[in-house]
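Listed here are the chains, written in short residue letters.
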Amino acid sequence: MQSIKSLLAIPFAKRVRKSVLKWVNNPIETQEKVFQKLIRDAANTQFGIDHKFKDIISYKDFTKQVPVRDYEDLKPYVERMVAGEEDILWKGKPIYFAKTSGTTSGAKYIPITKESMPTHVEAARNAILMYIAETGSSKFVDGKMIFLQGSPILKEQNGIQLGRLSGIVAHYVPKYLQKNRMPSWETNCIDDWETKVEAIVDETLPEDMTIISGIPSWVQMYFEKIQERTGQKVGDVFKNFNLFIFGGVNYEPYRAKFENLIGRKVDSIELYPASEGFFAYQDKQDEKGMLLQLKSGIFYEFIKADEFFDKNPKRLAIKDVEVDVNYVMIISTNAGLWAYNIGDTIQFTSVKPYRVIVSGRIKHFISAFGEHVIGKEVEQALQEAIFGSNVQVSEFTVAPQISLELGLPYHEWFIEFENVPDNLSALAQKIDQSLQQQNSYYFDLIKGKVLQPLKIKVIQKNGFQDYMKSIGKLGGQNKLPRLSNDRKIADTLYSLKLTK
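Residues numbered from 1 in each chain as written. Predicted model: local features only at pLDDT ≥ 70, side-chain atom pairs only at ≥ 80, totals over all residues. Heavy atoms only, no water.

1. Digging into the nonpolar core
In step 1: Membership of the largest hydrophobic core comes to 92 residues, with the highest contact counts inside it found for Leu292, Phe302, Met329, Trp338 and Phe348.
In step 2: Looking at this core element by element, the count peaks at nine residues for helix H6 (residues 117-135).
In step 3: In terms of nonpolar packing, the next biggest core, distinct from the first, is built from 41 residues, Ile146, Ile226, Leu261 and Leu493 among them. (Core = buried A, V, L, I, M, F, W, Y, C linked by side-chain atoms within 4.5 Å. Buried < 20%, exposed > 50% of the residue type's maximum accessible area, 1.4 Å probe, protein only. Helix = DSSP H or I, 4+ residues; strand = E, 2+ residues; numbered from the N terminus.)

Set out below in structure tokens:
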């Protein structure tokens, strides 16, 4: 029997969908309104004064006066905000800084304002409501829901709360979900990831879990612990578990492994959240890509990835984008990020409405020999190669191998298998063929005998967890890069003796 809460969820979800469709059907106008409001609201900030916001009438004016920046370029402004100054990048002070670990700049402090925080919460809520509106399924709201996330403990610095994004968001779970939400506050505050997962298993095993959410690699660790403890499939332990919500990485390489751990298929919702903003969520079960959030205080620009490192690459607004082109996504937000390069590359799967997939990171690629291989291509190649087989992959990463002793250079694939295939050479050949079909540069280099076909190195069971632990990035929102243009990860895997 359905509760009142689950019965009321359906008309509420339909009302929200109707509201969402208003801006979905008017994307250009919606973005123009967002742009004008951002410029107007920030005109008297230090950044607005420095960049003559009061003279900006059009997007063309904006591109002339505000250059594309990354965190390092914006850092002088951020440091003034961290020191407690007001009206720097956005009016007043931020209410939070989401602290992230930068690769080049050490800790990064991403501002979250009273205007931007509600957009994070609303997008997460709407992702579930759009699913309810589409499927008519709402009974899961009566069960327990787990969100694997960082610690909600926040520190204060100059009157501003400081913590991980997932920990900050934990303070905003709606009251009507508080009783259903797991793990407990105390367990969520455990810092050590392995200890935390064990505690989460203790708490959830007796419960009726209906939604499980988190980054796939860390949810996989939780599922494996459940199976170790019970000797049962996760779907048998939690009979009403039917919705998996994830973000951060492409789910496809994990799908077969998850279905094996769960013992059946479950619906999934993909999210695209980041400290800088909640950019997109999957709005339909049968459509590829996530709905870009055009009315969330974020103005989007796009630069073709293969032009990004040119001297003056062309910046495009939403009306000028095309499907299946690799773009670097640039954002300006009501948290005070201006023409900001978040480092992600995306591709549009549709422009009516605007749906995207994350194709990789502009810094995470392999082009040691001019091949321009990106994350989406390696993920698709592996997926195609294992399709229809019983091969299951837990995790993988790719690096260039240039050692002269080994002949021609090649791409070295480090793969942790659930079940190592009998013929690794045949699998490597299938992956290589797919990469050649997807990437003409790679094809030309193989054909011209500049590169030899890729080779696979098997990583021992839980090897990538050991690697992440060794660099202090086990758990939370941390993700293993799919590919690198150097051998830092590869050399560490060898030095830790994680290869078979």
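2. Here we look at the pattern of salt bridges
In step 1: Within the structure shown, the criterion is met by 22 salt bridges.
In step 2: Between arginine 229 and aspartate 202 there is a salt bridge, with its nearest N and O atoms 2.9 Å apart. Of the two residues, arginine 229 sits in helix H11 (residues 216-230) while aspartate 202 sits in helix H10 (residues 193-204), which places them 27 residues apart along the sequence.
In step 3: By relative accessible area, arginine 229 is classed as partly exposed at 40%.
In step 4: Between glutamate 418 and lysine 257 there is a salt bridge, and its shortest N-O distance comes to 2.7 Å. Of the two residues, glutamate 418 is situated in the loop between strand S19 (410-417) and helix H15 (424-438) and lysine 257 in helix H13 (residues 252-262); the sequence distance between them amounts to 161 residues.
In step 5: With a relative accessible area of 1%, lysine 257 lands in the buried category. (Salt bridge = Lys/Arg side-chain N within 4 Å of Asp/Glu carboxyl O.)

3. Examining the environment of threonine 499
In step 1: Here threonine 499 shows up in the segment after helix H18 (488-495).
In step 2: For threonine 499 and lysine 457, which are 42 residues apart along the polypeptide, the C-alpha to C-alpha distance reads 6.7 Å.
In step 3: Beyond its immediate stretch of four places on either side in the chain, threonine 499 contacts Phe414, Lys457, Val458, Ile459, Leu493 and Tyr494. (Contact = heavy atoms within 4.5 Å.)

4. Quick word on the sheet that holds S19
In step 1: Strand order in the open sheet formed by three strands is S18-S19-S20, with mixed pairing between adjacent strands. The strands lining the two open edges of the sheet, one partner per strand, are strand S18 (393-401) and strand S20 (455-458). Between one strand and the next, the sheet's axes are offset by a mean angle of 25°, whatever the strand orientation.
In step 2: Relative to S19, S18 runs antiparallel, the two being bridged by eight bridges. Looking across to S19, one finds that valine 398 is bridged to tryptophan 413.
In step 3: Set on the sheet, helix H17 (residues 463-470) makes contact with S18 and S19; between it and S19 the angle comes to about 105°. (Pairing = 2+ DSSP bridges. Axes fitted to C-alpha atoms, helices over the stretch in contact; angles between N-to-C directions.)

5. Quick word on the pairing of strand S10 (residues 277-281)
In step 1: Along S10, five of the five residues are buried, which leaves the element largely enclosed by surrounding structure.
In step 2: Where strand S9 (residues 267-274) and S10 come together, four bridges link them in antiparallel fashion. Paired with leucine 271 across the strands is tyrosine 281, a residue of S10.
In step 3: Hairpin connection between S9 and S10: a loop of two residues separates the two successive antiparallel strands.
In step 4: Here S10 runs beside strand S11 (residues 290-292); their pairing, made up of two bridges, is antiparallel. Looking across to S11, one finds that tyrosine 281 is bridged to leucine 291.

Function cannot be read off these values alone, since they describe shape.
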